[in-house]
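# Topology and contacts: notes
Read off the chains here:
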Amino acid sequence: MFDFLIDFVFPAKCVICGQPARPLCSECAPERTVGEFSLDSIPGIYVFEYSEELGRILSDYKDKSKTFHANFLSKALSSHLSAIIEKTQPQLIITPSSSRANYKMRGFVPSKKIVAGALARIGWNVEIKTLKLTRQVSDQRGLDRYSRRQNVSRAFLSKDLNGLKVLLFDDVMTTGSTMREMVRATTEAKGNIVGICVLAKRI
Ligand SMILES: [Zn+2]
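A few points on the structure. What you see is a predicted model, and the numbers here were worked out from it, not measured in a lab. Counting restarts for each chain, with residues numbered from 1 along the sequence as it is written. Selection of residues for local features in this predicted model requires a pLDDT of at least 70, selection of side-chain atom pairs for listing and counting requires 80 or more, and totals for whole chains, interfaces and linings are taken over all residues.

### Comments concerning the overall build of the chain
The numbering of helices and of strands both runs from the N terminus, where a helix is a DSSP run of H or I of at least 4 residues and a strand a run of E of at least 2. When you go through the chain residue by residue, the secondary structure sums to seven helices and 10 strands. The reference for a compact globule is 2.2 Å times residues^0.38; the radius of gyration itself is calculated from the C-alpha atoms. Taking 17 Å as the expected radius of gyration for a compact globule of 203 residues, we find that the chain reaches 17 Å, a close match to that expectation. For the chain, the spread of C-alpha atoms along the three principal axes comes to 50 × 35 × 30 Å. C-beta atoms are first placed from the backbone for all residues, and any pair lying within 7 Å is then listed as a contact. For the chain, contacts bridging at least 24 residues in sequence account for 71% of all contacts bridging at least 6.

See the structure below:
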C-alpha cells in the first residue's frame with residue numbers, strides 16, 4: 001500500500017529506458033537465462049546470467065528501496081524455485097545477512113523479500129531464515145576477489161540447525177565468496193545443504 005502511494009505521488013521512470021511511468025517497463029524486463037552450476041559439489045541453479053540491466057534493477061531495488069522490483073524478481077524466480085524445492089525438499093531456506101545499517105536504510109532484507117514473494121506465488125510454505133552477522137562487513141560490490149573473501153570470512157552465524165535440510169538463496173553470485181561463507185556457517189551449525197539457488201550469476 002505504502003509503496004503504491006510513493007509511486008503514485010512520485011511517478012517512476014523505467015530504470016532501463018527512462019520512460020514513465022513504471023520503475024521497469026515490460027519491454028525492458030530482462031529475459032530469463034536459467035542455468036545450473038555447482039559450488040564445491042553442491043548443486044545450484046540461477047535464473048539470470050548477470051547483465052548490466054539486471055545490475056541496474058537490483059541497484060534500484062537495494063540502494064533506492066524501489067520495492068516495486070521485488071515483484072518482477074519474485075515472479076522470475078518462482079517457477080524455478082518451485083522446481084528446486086520439489087526436487088530437494090528443503091525444510092528451511094537461508095539467505096545472507098544484512099548489516100544493521102543496510103536494514104535501517106532499507107527497512108527490508110532484499111534477498112529475503114524476493115524469496116518470500118516467490119514462495120507466496122507458488123504456495124509453498126518453507127521457513128526463511130537470515131544468517132546473523134558476527135561483525136560489520138562492507139558491500140561486496142566494488143571489491144576484488146581477494147577482498148571479497150576477506151570481507152565475509154567467518155562473518156556469518158547460524159543457530160544450531162539440527163540436520164535440517166537447507167536451501168541457500170542469494171540474489172547475486174559473483175565470485176562465490178558470500179555463498180561459500182553461507183555454506184560454512186550453515187554446515188558448522190549442522191545444516192544439511194541440499195541445494196543453492198541464486199537469482200543472478202556472473203558467468
Ligand atoms: Zn523501459
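### Brief notes about the environment of arginine 148
Of note, arginine 148 is situated in helix 6 (residues 145-152). Think of it as a crowd count around each C-beta: if 20 or more other C-beta atoms lie within 10 Å the residue is buried, if 12 or fewer it is exposed, and in between it is partly exposed, with C-beta placed from the backbone throughout. By the C-beta count within 10 Å, which is 22 here, arginine 148 ends up buried. As for arginine 148 and valine 137, which are separated by 11 residues in sequence, their C-alpha atoms are 9.7 Å apart. Every residue in contact with arginine 148, bar those within four places of it in the chain, is listed here: Gln140, Leu143, Thr175 and Ser177.

### Things to note about the sheet that holds strand 3 (residues 35-39)
Strand pairing is assigned whenever DSSP detects at least two bridges linking the two strands. If you trace the six strands from one edge of the open sheet to the other, you get 3-4-10-9-5-6, paired in mixed fashion. The strands lining the two open edges of the sheet, one partner per strand, are strand 3 and strand 6 (127-130). Across the sheet, the mean angle from the axis of one strand to that of its neighbour is 25 degrees, orientation sign disregarded. Inspection of the sheet shows strand 5 (residues 92-95) paired to strand 9 (residues 165-173) by three bridges, in the parallel sense. Under this scheme, a helix contributes an axis fitted over its contacting stretch, all axes are lines through C-alpha atoms, and angles between N-to-C directions fall in the 0 to 180 degree range.

### Comments concerning the packing of helix 6 against helix 7 (residues 177-188)
For the pair helix 6 and helix 7, the least separation of the axes is 9 Å and the interaxial angle reads 30 degrees. On the basis of the axis angle, helix 6 is roughly parallel to helix 7. Viewed along their axes, helix 6 and helix 7 form a crossing whose handedness is right-handed. Only Ser177, Thr178 and Glu181 of helix 7 make contact with helix 6, whose side of the interface consists of Arg148, Arg149 and Val152. For this classification, Asp, Glu, Lys and Arg are treated as charged, while Ala, Val, Leu, Ile, Met, Phe, Trp, Tyr, Cys and Pro are nonpolar and the rest, including Gly, are polar. Considering only residue class, the contact of helix 6 with helix 7 consists of one nonpolar, two polar and three charged. Roughly parallel here means an angle under 35 degrees, roughly antiparallel means over 145, roughly perpendicular means 65 to 115, and every remaining angle is called oblique. Two helices crossing with the near one rotated counterclockwise from the far one by less than a right angle form a left-handed crossing, whereas a clockwise rotation gives a right-handed crossing.

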